[in-house]
Each structure stands twice: as C-alpha cells, then as structure tokens.
Amino acid sequence: RKQLEIEEKGVKVRLSVVDTPGFSEALNGEKSWQPIIDYVDRQFEQYYQAESGVNRKNIQDSRVHCCLYFISPYGHGLKPIDVFMMKKLHHKVNIIPLIAKSDTLTPKERSHLKNKVMEQIEENHINIYKFPECDSDEDEEFKQQDRELKSAIPFAVVGSNTVVEVAGKKVRGRMYQWGIVEVENPAHCDFVKLRQMLISTHMQDLKDITSDIHYENYRAEHLAEQMKQSTRERMKLKRESMLNPGKMEDTDNLIAQKDAEIQRMQEMLAKMQAQLQTNPRTPVNGT
C-alpha cells in the first residue's frame, strides 16, 4: 500500500494505492483472490467499527473506492479467472476494467479486444462502474467529454517509469525502434481519460457509490450475520432454561433481551434493504 498526494487543477488529493502482485500467477490460482476480498472487507469493517464508536468525528475513510482491474492484452478477452474475480468483487467495489500494455496491440486489435471484453462483461452479468447520466443543462463540451469517457471503456493504457525526449520536450513514454509511445498522448492510449475520470470528473461519484451502495451492502450482510448469531444464542439460552428450572427467571430475562435485540436488528435490516432497492444504481448482489 502506497500513499501519495497529487494536485489536480489546484486541488490537493491524497490517494492510497494498493497493488496485488502475483494475483493468478500460481499454478493453482483458486485461492489467489481471497486476500483481495479479505482486504476490501477489512476496510469496511474498520470503517464500521469507527462509525459505531463513541467518537465519530474525523473518521479516516480507508474503504476501497475503486478497483482498476487489468486485463491481459495477449489473450482473446477475459480469462475464466477474470470473470470469477470480477464477480467476487462487483458488489463490493467499483470495478473499472483496463487493458494493460496496450502498446502491444495495433489500433484494430485494441478496438476488437475492447468490444470483446465488453461483450463478455455483459454476458457474464458483471457489474462494472457505470457512469452517471449527464444533466440536461450541462454544456455540450462536457457532454462530449462524457461520451468519450464512456466509449473508451475498458481503458487501454500504457505504463512507463521512463522519461524520453520527443521534439525537444521530455515526456513519459516507451521508446521502440519504430518510434515512441507517449503515456499522456490521447492518440497513443487512454491514460489521460482514465486520470481525468478518476481524479477530476468522477472521483466524488465513485466515493458516493461506495458509501451509498457497497458499504450499505456490507452493513446489511454484517447485520444479517449478527442476527444469526443472536438467534443461536437465544436458542442456547432456551435450552439451558429447560435444563435448569431454578435459573429460569434469569434466563427468561436474557431471552427477552435477545428478542428485543433481534427485533431491533430486523427493523434496521429491513430499512437498509428498502433503501438499497430504491436506489436505481444498486448492483445485483452475487458471487
């Protein structure tokens, strides 16, 4: 996990970036997804505990607001592990699919792979991040920008930690015998569109969806598990009262407390589920 501060149009933003090296590289990759799921859930749990505490001011939000899912350019679209992993994640985090190392593809190959990936995402009912619709009063320039961002999914990106010189100007890019691929040249890859979407135009929407949908899903699941645990404890108390008639009064009081606790959680859960169902952008829960 790396933390860094960047400045975009005069606004300072603090980012936390978590890498997942080695994912799906093992011969048996069945469990390589588990640490990723555990990490996302752990951030939800930390936020839940902080939110439930006495001092709820200045809660540090470490929830994962976006998952940049890199897709290999060498295959014919999504691999089975990609489909499996995305379906494990799509009700927990905003997924943005990326085609990695897109400089290995011709423009025609890149376009074909983009179309193929989107077809597979739809066929497998994977919920990736959906851009909100533009307001009718937005200017035409913003609407055009929004259309370009939507049509670029999955973003085809190129990464480089090398600075090269192009026409007397230093740029970040990759040098080949046939020329130079510039990371920040929109004609070469979609990096600029991705950065604009993440840092400028859609950052708040990503955070809102995390808070209003993914985190509420987590809270509902967490509450449902607590209800199961309370129900088991109630049944245990009931059995103990039958075996120990002398302690029946004390046990009945505890059972009454459990009943009230379960009733309260049922009401909270029903309220959460109603809120999630009325949200038009709520993703389908699933694995």
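First, a word on what this report is: a plain description of the structure on this page. Because the structure is a prediction, the values reported are computed rather than measured.

1. Regarding helix α1 (residues 34-52)
Alright, step 1. In this model, α1 (19 residues) spans 26 Å end to end at C-alpha, consistent with the 27 Å of a helix rising 1.5 Å per residue.
Alright, step 2. Of all the residues in α1, the buried ones are Ile36, Ile37, Tyr39, Val40, Gln43, Phe44, Tyr47 and Tyr48.

2. Things to note about the pattern of salt bridges
Alright, step 1. According to the stated counting rule, one finds eight salt bridges in the structure shown.
Alright, step 2. For Arg63, the salt bridge identified is with Asp61, shortest N-O distance 2.9 Å.
Alright, step 3. What makes Arg63 buried here is its relative accessible area of 7%.
Alright, step 4. According to the relative accessible area criterion, Asp61 is partly exposed, its value standing at 33%.
Alright, step 5. The network of salt bridges with common partners includes Glu133, Asp146 and Lys150.

3. Regarding the sheet that holds strand β6 (residues 163-166)
Alright, step 1. With respect to topology, three strands assemble into an open sheet ordered β6-β7-β8, the strand pairing being antiparallel. The outermost strands of the open sheet, each flanked by one partner alone, are β6 and β8 (179-182). Each strand axis lies, on average, 70° off the axis of its neighbour in the sheet, ignoring direction.

4. Some points on the environment of Phe142
Alright, step 1. Structurally, Phe142 can be placed in helix α4 (residues 140-151).
Alright, step 2. Since its relative accessible area comes to 29%, Phe142 is described here as partly exposed.
Alright, step 3. Sequence separation between Phe142 and Thr201 is 59 residues; the distance between their C-alpha atoms is 9.9 Å.

5. So, the packing of α4 against helix α5 (residues 191-201)
Alright, step 1. Two numbers describe how α4 lies on α5: the axes approach to 10 Å, and their chain directions differ by 120°. It follows that α4 is oblique to α5 by the angle criterion. For the crossing formed where α4 meets α5, the hand is left-handed. Contacts between α4 and α5 involve Gln145, Glu148 and Leu149 from the former and Lys193, Gln196, Met197 and Thr201 from the latter.
Alright, step 2. Each residue belonging to the contact of α4 with α5 can be placed in one class, and the counts come to two nonpolar, three polar and two charged.

6. Overview of the nonpolar core
Alright, step 1. Leu78, Leu89, Ile96, Phe155 and Met197 are the most contacted members of the largest nonpolar core, which totals 45 residues.
Alright, step 2. Of all the secondary-structure elements, those providing two or more residues to this core are α1, β3 (67-71), α2 (80-89), β4 (95-99), α3 (107-123), β5 (155-156), α5 and α6 (203-243).
Alright, step 3. If near-sequence neighbours (up to four positions away) are discounted, Leu89 is found in contact with Ile36, Ile37, Val40, Cys67 and Ile95.

7. What to know about the pairing of strand β7 (residues 169-176)
Across a regular strand the side chains alternate sides, sitting on one face of the sheet and then on the other.
Alright, step 1. Bridge analysis of β6 against β7 gives four bridges, and the strand direction is antiparallel. Within β7, the residue paired with Val166 across the bridge is Lys169.
Alright, step 2. Here β6 folds back onto β7 in antiparallel fashion, the turn holding two residues, of which Ala167 has a positive phi close to 50°.
Alright, step 3. Relative to β8, β7 runs antiparallel, the two sharing four bridges. Bridge assignment links Tyr176 to a residue of β8, and that residue is Gly179.
Alright, step 4. Between β7 and β8, which pair antiparallel in sequence order, lie two residues.

8. Observations concerning the side chain of Arg63
Alright, step 1. Relative to the elements of secondary structure, Arg63 occurs in the loop between α1 and β3.
Alright, step 2. Side-chain polar atoms of Arg63 contact the side chain of Asp61, separated by 2.9 Å.
Alright, step 3. Those residues in contact with Arg63 that sit more than four places away from it in its chain are Gln43, Phe44, Tyr47, Thr210, Ser211 and Tyr215.

9. Remarks on the sheet that holds β5
Alright, step 1. The strand order β3-β4-β5 describes an open sheet built from three strands, whose pairing is parallel. Looking at which strands have only one partner, the edges of the open sheet turn out to be β3 and β5.
Alright, step 2. Sheet topology note: the β3/β4 ladder contains five bridges and is parallel. Looking at β4, one finds that Ile71 is bridged to Ile99.

10. Brief notes about unusual backbone geometry
Alright, step 1. A cis amide bond, omega -10°, links Ile153 with the succeeding residue Pro154.
Alright, step 2. Considering the arrangement of structural elements, one finds Pro154 in the loop between α4 and β5.
Alright, step 3. In this structure, Ala167 is a non-glycine residue whose phi angle is positive, near 50°.
Alright, step 4. What makes Ala167 exposed here is its relative accessible area of 86%.

About the criteria used
- Chains are numbered independently. Their residues run from 1 in the order of the written sequence.
- For this predicted model, a pLDDT threshold of at least 70 governs which residues receive local features, and a threshold of 80 or more governs which side-chain atom pairs are given and counted, while totals over whole chains, interfaces and linings are taken from all residues.
- The side-chain figures draw on all heavy atoms in the structure; neither hydrogens nor water molecules are used.
- Comment: elements are numbered from the N terminus, with helices defined as DSSP H or I runs of at least four residues and strands as E runs of at least two.
- Multiply 1.5 Å by the residue count of a helix minus one, and that product is the helix's expected span.
- In this scheme, a residue with accessible area under 20% of its type's maximum is buried, one over 50% is exposed, and one in between is partly exposed, where area comes from a 1.4 Å probe on protein chains only.
- Salt bridges are counted wherever a side-chain nitrogen of Lys or Arg sits within 4 Å of a carboxyl oxygen of Asp or Glu.
- If DSSP finds at least two bridges between two strands, the strands pair.
- Every axis corresponds to a line fitted to the C-alpha atoms, with the helix fit spanning only the stretch in contact, and the corresponding angles, defined between N-to-C directions, vary from 0 to 180 degrees.
- The cut-offs work like this: below 35 degrees is roughly parallel, past 145 is roughly antiparallel, 65 to 115 is roughly perpendicular, and the gaps in between are oblique.
- Note on convention: near helix rotated counterclockwise from far helix by under a right angle means a left-handed crossing. Clockwise means right-handed.
- Contacts were defined at the residue level, with two residues in contact if any of their heavy atoms lie within 4.5 Å.
- In this classification, Asp, Glu, Lys and Arg are treated as charged, Ala, Val, Leu, Ile, Met, Phe, Trp, Tyr, Cys and Pro as nonpolar, and every other residue, Gly included, as polar.
- Residues belong to a common nonpolar core when they are buried Ala, Val, Leu, Ile, Met, Phe, Trp, Tyr or Cys residues joined through side-chain atoms within 4.5 Å.
- We define a polar contact as two N or O atoms separated by no more than 3.5 Å, with the added condition that, inside protein, one atom must be a possible hydrogen donor and the other a possible acceptor, whereas residues neighbouring each other in sequence contribute only through side-chain atom pairs.

Keep in mind that these numbers describe shape and distance, not what the molecule does.
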